[in-house]
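# Observations on the three-dimensional arrangement
Below are the chains, spelled out letter by letter.
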Amino acid sequence: MTATRDTSQRRLQISELVRRNGSVQVAALAEHFGVSMQTVRKDLRYLAERGVMARAYGGAIDSSVVGTSGATA
């Protein structure tokens, strides 16, 4: 199915962008991939649930940046 392939490919590309840049923004990803911000949020939630990245307000950050002891001030 094309939609599944497109979704999988987009998620793979998003994870590469996060790894390369350290963070991504929902609005920029939506524009880059030509999809809605809601679609990007779903992709980020999916990837975060699998430990690929951590969600952040308005986007996501590389999960290796997030400490295991929680946030600091």
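### Concerning helix α3 (residues 37-49)
- For α3, built from 13 residues, the straight-helix expectation of 18 Å at 1.5 Å per residue is met to within 8% by its first-to-last C-alpha distance of 18 Å.
- If you check which residues of α3 are buried, you get V40, D43, L44 and L47. In an axial view of α3, the angular spread of the buried residues amounts to 95 degrees, which keeps them on one side of the axis.
- Count one or two residues on from α3 and you reach G51, which has phi positive near 80 degrees.

### Section: the side chain of D43
- Within the element layout of this structure, D43 appears in helix α3.
- For D43, a relative accessible area of 1% translates into the label buried.
- If we ignore the near neighbours within four places in the chain, the residues touching D43 are T7, R10, R11 and I14.

### Some remarks on the side chain of R10
- Mapping R10 onto the fold places it in helix α1 (residues 2-21).
- Classification of R10 as buried rests on a relative accessible area of 11%.
- Side chain to side chain, R10 and D43 meet in a polar contact 2.5 Å long.
- Setting aside its immediate chain neighbours within four residues, R10 contacts F33, V35, T39 and D43.

Criteria and thresholds
Residues numbered from 1 in each chain as written. Predicted model: local features only at pLDDT ≥ 70, side-chain atom pairs only at ≥ 80, totals over all residues. Heavy atoms only, no water. Helix = DSSP H or I, 4+ residues; strand = E, 2+ residues; numbered from the N terminus. Expected span 1.5 Å × (residues − 1). Buried < 20%, exposed > 50% of the residue type's maximum accessible area, 1.4 Å probe, protein only. Arc of directions from axis to C-beta. Contact = heavy atoms within 4.5 Å. Polar contact = N/O pair within 3.5 Å; in protein donor to acceptor, adjacent residues only side chain to side chain.

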